[in-house]
Amino acid sequence: MGPLWGIDLGGTKIEGVILEDRDHPRVLQRTRISTEAHKGYHHIVKRITQLIEVMTTETGLKPHTLGIGTPGTVDPLLGTMKNCNTTALNGRMLKEDLEDILQFSIKIANDANCFAVAEATMGAVPERLPQAEVVFGVIMGTGVGGGVVVNGKAIRGRQGIGGEWGHNFLHESGGDCYCGKVGCVEQVIAGPALERFYASITGIPRPLKEIMQRYHQGKDDVAIQTVNRLIEFFGKGIAHVINILDPDAIVLGGGLGNIDLLYTRGVEEVAKHVFNHTLDTVFLKPKLGDSAGVFGAALL
Ligand SMILES: [Zn+2]
């Protein structure tokens, strides 16, 4: 099958990787350049082709196909990009435009799906649970997203929103969401939502990291309240997903995935809300770090 080429297209940087092959995901080459997204859509397309040129020149290898991970997704019915926070991409036929220039086929997937595929096939999951069939990869950071992987393949879905549990309804107190709904998971347990909750009571804005420290010191009641809110709603939100998918493993990525409490108290809270007497779902920390997105793109 030959080397796998992947690109992680972000708002500030575009990263490319070449992996030796699917069974030996050794990195042959890795390069990153700035996206310069403010210069518009056609410039972003040019930057992608420039990156591929650099990688081709440096390795002597030529791609026959390419996977791209993006913050948004391709609308399966229209073929246009949507939900990208690099807004210049929205409404554009990125796949077709790149294929016209590069003359080979391209696959585009949401970056949470790329994360989930990478962790499910070459990251945290195979090490702990090699027989896992269904994996839910969670991104919890400034936003909340996720990807469903079944036998190594991401489930994109009819509308391209497979795994997007961050916009499930969770609790009114989350308030308005940019998606137009109210009380989304993301508005309750994402980093900024928790910081907003803390500030709304104390009047003092603190980053989540500091709130966590104050929680562990045990002297700040509102920090304790904030962390309890995270645990309670993480439990309820994830239990919804488990009752539908019943995945073998859940990988917790994004900034909040580093919070050890989620793997102890958080999992206990999940157990309270799951439609079963025991909770056997395996919760894992990601293993690939920053590389998961670009590796997952290569695996597309
Ligand atoms: Zn929402």
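Residues numbered from 1 in each chain as written. Predicted model: local features only at pLDDT ≥ 70, side-chain atom pairs only at ≥ 80, totals over all residues. Heavy atoms only, no water.

### Remarks on the sheet that holds strand 2 (residues 13–19)
Taken in spatial order, the 5 strands make up an open sheet running 3-2-1-4-7, and their pairing is mixed. Each edge of the open sheet is held by one strand with a lone partner, namely strand 3 (27–34) and strand 7 (105–110). Averaged over all pairs of adjacent strands, the angle between their axes in this sheet comes to 20°, without regard to strand direction. Of the strand pairs in this sheet, strand 2 and strand 3 are connected by 7 bridges, and their pairing is antiparallel. Bridging from a neighbouring strand, Ile18 pairs with Gln29 of strand 3. Here helix 2 (residues 94–102) sits on the sheet in contact with strand 1 (4–9), strand 4 (65–70) and strand 7, set at roughly 150° to strand 7. Lying on the sheet, helix 3 (residues 111–122) is in contact with strand 2, strand 4 and strand 7; it crosses strand 7 at an angle near 95°. (Pairing = 2+ DSSP bridges. Helix = DSSP H or I, 4+ residues; strand = E, 2+ residues; numbered from the N terminus. Axes fitted to C-alpha atoms, helices over the stretch in contact; angles between N-to-C directions. Contact = heavy atoms within 4.5 Å.)

### Section: the coordination of the zinc ion
Summarising the metal site, the zinc ion is bound by the protein donors His167 (ND1), Cys177 (SG), Cys179 (SG) and Cys184 (SG), whose distances to it range over 2.0 to 2.3 Å. In this structure, the zinc ion is surrounded by 4 donor atoms whose angles at the metal cover 106 to 117°, and the resulting shape is tetrahedral. Positions of the donor residues of the zinc ion, expressed as sequence spacing, correspond to H-x9-C-x1-C-x4-C. With a gap of 10 residues between them, His167 in the loop between strand 10 (153–154) and helix 5 (185–189) and Cys177 in the loop between strand 10 and helix 5 connect regions that are remote in the sequence. (Donors = N, O, S within 2.8 Å, 3.2 Å for Na, K, Ca; no water. Tetrahedral: all angles 85-135°; square planar, octahedral: opposite > 155°, others 65-115°.)

### Here's the deal with the packing of aromatic side chains
The full count for this structure, using the stated rule, is 1 aromatic pair. Between the aromatic rings of Phe136 and Trp165, the centroid separation amounts to 6.3 Å while the plane-to-plane angle is 75°, which identifies the pairing as edge-to-face. Here the residue Phe136 occupies a position in strand 8 (residues 134–140), and Trp165 occupies one in the loop between strand 10 and helix 5, the gap between them amounting to 29 residues. As far as burial versus exposure is concerned, Phe136 and Trp165 are alike and both buried. (Phe/Tyr/Trp six-rings, centres within 6.5 Å; stacked < 30°, edge-to-face > 60°. Buried < 20%, exposed > 50% of the residue type's maximum accessible area, 1.4 Å probe, protein only.)

### A closer look at the sheet that holds strand 10
Overall, mixed pairing links the 5 strands, which are arranged 10-9-8-11-12 in an open sheet. Looking at which strands have only one partner, the edges of the open sheet turn out to be strand 10 and strand 12 (282–284). Pairing between strand 11 (residues 249–253) and strand 12: 3 bridges, direction parallel. Across the sheet, the residue bridging to Ile250 is Phe283, located in strand 12.

### Focus on the side chain of Asn113
Tracing the backbone through its elements, the reader meets Asn113 in helix 3. Given a relative accessible area of 7%, Asn113 falls into the buried group. Setting aside residues no more than four positions away along its own chain, Asn113 makes contact with Gly146, Gly147, Val148, Ala154, Ile155, Arg156 and Gly162.

### Side note on unusual backbone geometry
Not every positive phi belongs to a glycine, and Asn83 is a case in point at roughly 60°. By the element assignment, Asn83 lies in the loop between strand 6 (81–82) and helix 2. Accessibility expressed as a relative area gives 55% for Asn83, which makes it exposed. Positioned with a positive phi, Gln103 is a non-glycine residue whose angle comes to about 65°. The exposure class of Gln103 is exposed, given its relative accessible area of 65%.

### Notes on the domain arrangement of the protein
Domains assigned within the protein are domain 1 (4–110 + 291–298) and domain 2 (116–286). It is Pro76, Leu77 and Ala292 that lose the most area in domain 1 upon contact with domain 2, and together they represent 39% of the buried surface on that side. Inspection of the domain 1/domain 2 interface yields 0 salt bridges. Summed over the shared surface of domain 1 and domain 2, the result is 1 residue pair in polar contact (both at pLDDT 80 or more). Counting residues per element, the ones that place at least two in the side of domain 1 that touches domain 2 are strand 5 (73–74) and helix 10 (292–298). Class assignment of the residues belonging to the side of domain 1 that touches domain 2 gives a composition of 7 nonpolar, 3 polar and 1 charged. (Domains from an automatic or database assignment. Buried area = accessible area lost by both parts, 1.4 Å probe. Salt bridge = Lys/Arg side-chain N within 4 Å of Asp/Glu carboxyl O. Polar contact = N/O pair within 3.5 Å; in protein donor to acceptor, adjacent residues only side chain to side chain. Nonpolar A, V, L, I, M, F, W, Y, C, P; charged D, E, K, R; others polar.)

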